Amino acid sequence: MADAEARKRVHKEIQDKVKPAADNAFKGIAKAVPELAKAMKKVDDAIKKGESADLLQTYRRELVIKLRAVSDARGSAIDALEALEKATADDDDFEADSDEIEELKKKLTKARELLADQIVKGKKLEDGARAVAEEGDKTEKTAHREWDTMMTLFERQTASLNNVLKRMREAQKAAEAAVKSRDAGALKTHQETVAHFPLNDDVLKGKLLLKRTNEFLSKYDLDSFSKAFVEEMAKDRATTVGEYDKRGQTLEQEAKKIQGDVAKLEIEPPDAVKATAALGFKANFIAKVQAALKLDEGKLAKALEDIAKQAGVKATGKELVEKLKKAKLL
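This structure is a prediction, so every number in the text was calculated from the model and none was measured.

### Let's talk about the overall build of the protein chain
- If you tally the helices and strands in the protein chain, you get 13 helices and zero strands.
- For the protein chain, the succession of helices and strands along the chain, N to C, is α-α-α-α-α-α-α-α-α-α-α-α-α.
- Computed over its C-alpha atoms, the radius of gyration of the protein chain comes to 40 Å, more than 25% above the 20 Å expected for a compact globule of 330 residues.
- Across its three principal axes, the protein chain shows a C-alpha extent of roughly 120 × 75 × 25 Å.
- The buried share among the 330 residues of the protein chain stands at 33%.
- For the protein chain, the accessible area works out to roughly 20,500 Å², and carbon and sulfur atoms hold 52% of it.

As structure tokens, then:
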């Protein structure tokens, strides 16, 4: 017979490495399995009652979450069984406490199989619920809701586009004003604002709602719909679709034109002749002033100061730049 030390060692190994995983498995049977059963019943009842696809998808999601908990419990049972095999791999260790080992293995095996059965049942029902929900998504009720949403969407989009255009027109005026005032920073800001609006190629072509309508019609079997719904769609296609696309195209084309016009705006280089006179330089310095005016403000001040020295004018570069600004030449 195996000695007491071996029995003690095996018992400790089981307590430390097998029992924690086993407890998780048994807790899963006590809690996760009943919760899964409730979720399964809810899904099964919803299928039998013909609940909406949206509601069925909600129940199915709950079922998936409960299935995950049962799957975790089964994983714990498998981990416990593997740990038990390692702890008793030696024949002497197994013999040291064979009754306890056999009893625990029997419980864990039963737990593993029970949990596996629940997972199979749950997944089968989950697959069925998914199929029913997907089929439900193609019912006339769902299709009608989608059609109505699509038809009414154009009113909101047109209003939104009108608001965007209003802001673009305001930005265009501000950009033009910035050109007149020679405010490069403001011009850049307004150009970026206008350029930020994304143009839609389908709207520009006057085919956005038409495209969406065709996509909708290709997704459903129109022969399965009621006569009233088919007639409603025909009426909308003859009125709303064309009206929206025409209005949307007009607005989008204006937006595109504004973008192009604003992008072309630029502040003309200062008049070198007027600038030379304003600075108090003689006409023979016009060419040098013209070259200096092409520089950024930091370099401009230094260049004008150098020209001033050559022209015999006493002034700092900063003072000369201010002169040009006061004369509205910069």
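### A word on the layout of surface pockets
- As a volume, the largest pocket reaches approximately 310 Å³.
- What lines the largest pocket is a set of 13 residues, among which Arg182, Pro270, Leu293, Leu295 and Leu330 lie closest to the centre.
- Its residues placed into classes, the lining of the largest pocket shows eight nonpolar, no polar and five charged.
- The space that makes up the second largest pocket amounts to roughly 220 Å³.

### A word on the packing of helix 6 (residues 184-195) against helix 9 (residues 227-264)
- Relative to each other, helix 6 and helix 9 sit at 155°, their axes nearing to 9 Å. Taken together, the axis directions place helix 6 and helix 9 in an arrangement best described as roughly antiparallel. For helix 6 against helix 9, the interelement crossing comes out left-handed. Touching His190, Gln191, Val194 and Ala195 of helix 6 are Ile258, Gln259, Val262 and Ala263, all from helix 9.
- Its residues assigned to classes, the contact of helix 6 with helix 9 shows five nonpolar, three polar and no charged.

### As for the side chain of Glu252
- As for its position among the elements, Glu252 is in helix 9.
- With no salt bridge to any partner, buried Glu252 finds its closest opposite charge in Lys256, at an N-O distance of 9.5 Å.
- Excluding its chain neighbours within four sequence positions, the residues that come into contact with Glu252 are Leu161, Phe197, Pro198, Leu199, Asn200, Val203 and Leu204.

### Considerations on the nonpolar core
- Counting 18 residues, the largest nonpolar core has Leu279, Phe281, Val289, Leu293, Leu304, Ile307 and Leu324 as its most contacted members.
- Of all the elements in the fold, those that place two or more residues in this core are helix 10 (272-279), helix 11 (286-292), helix 12 (297-311) and helix 13 (317-326).
- In terms of residues, this core owes the most to one element, helix 12, which gives six residues.
- Residue contacts for Ile307: discarding those within four places in its chain leaves Phe281, Phe285, Lys288, Val289 and Ala292.

### What to know about the pattern of salt bridges
- Scanning all chains against the criterion turns up 18 salt bridges.
- Ionic pairing is found between Arg130 and Asp127, a salt bridge with its closest N-O pair at 3.1 Å. A residue pair is termed a helical-turn pair when its members lie 3 or 4 positions apart in one helix, as Arg130 and Asp127 do in helix 4 (residues 98-136) at three residues.
- Accessibility expressed as a relative area gives 29% for Arg130, which makes it partly exposed.

### Some thoughts on the confidence of the model for the protein chain
- Confidence in the prediction for the protein chain averages 84 pLDDT; 93% of positions are at 70 or higher.
- Per-element confidence in the protein chain is highest for helix 9, whose mean pLDDT is 91, and lowest for helix 3 (residues 91-96), whose mean pLDDT is 57.

### A word on the packing of helix 5 (residues 140-180) against helix 9
- Closest axis-to-axis distance for the helix 5/helix 9 pair is 10 Å, and the angle between their directions is 20°. Here helix 5 lies roughly parallel to helix 9, going by the angle between them. Where helix 5 crosses over helix 9, the two elements pack in a sense that is left-handed.
- The residue inventory of the contact of helix 5 with helix 9, partitioned by class, reads 16 nonpolar, eight polar and eleven charged.

### Some remarks on the packing of aromatic side chains
- With the rule as written, the count across this model stands at five aromatic pairs.
- Arranged with centres 4.8 Å apart and planes meeting at 45°, the rings of Phe216 and Tyr220 form a pair that is tilted. Take Phe216 and Tyr220: they sit in the same class, and that class is buried.
- Summarising the aromatic geometry, the rings of Tyr220 and Phe225 are spaced 5.8 Å apart at their centres and angled 50° between planes, so their arrangement reads as tilted. For the pair Tyr220 and Phe225, one class covers both residues: buried.
- Put simply, the rings of Trp147, Phe216, Tyr220, Phe225 and Phe229 touch in pairs and so form one group of aromatic residues.

Here is what the cut-offs are and how they apply
Residues numbered from 1 in each chain as written. Predicted model: local features only at pLDDT ≥ 70, side-chain atom pairs only at ≥ 80, totals over all residues. Heavy atoms only, no water. Helix = DSSP H or I, 4+ residues; strand = E, 2+ residues; numbered from the N terminus. Rg over C-alpha atoms; globule rule 2.2 N^0.38 Å. Buried < 20%, exposed > 50% of the residue type's maximum accessible area, 1.4 Å probe, protein only. Areas by Shrake-Rupley, 256 points an atom, 1.4 Å probe, with all protein chains shown as cover. 1 Å grid on protein atoms, 1.4 Å probe; cavity = no way out; pocket = protein on both sides within 12 Å on 5 of 7 lines; lining within 4 Å. Points joined across faces, edges and corners; volume = space filled by probe spheres on them. Nonpolar A, V, L, I, M, F, W, Y, C, P; charged D, E, K, R; others polar. Axes fitted to C-alpha atoms, helices over the stretch in contact; angles between N-to-C directions. Parallel < 35°, antiparallel > 145°, perpendicular 65-115°, else oblique. Left-handed = near helix turned anticlockwise from the far one by under 90°. Contact = heavy atoms within 4.5 Å. Lys, Arg positive; Asp, Glu negative; His and termini not counted. Salt bridge = Lys/Arg side-chain N within 4 Å of Asp/Glu carboxyl O. Core = buried A, V, L, I, M, F, W, Y, C linked by side-chain atoms within 4.5 Å. pLDDT = per-residue confidence, 0-100. Phe/Tyr/Trp six-rings, centres within 6.5 Å; stacked < 30°, edge-to-face > 60°.

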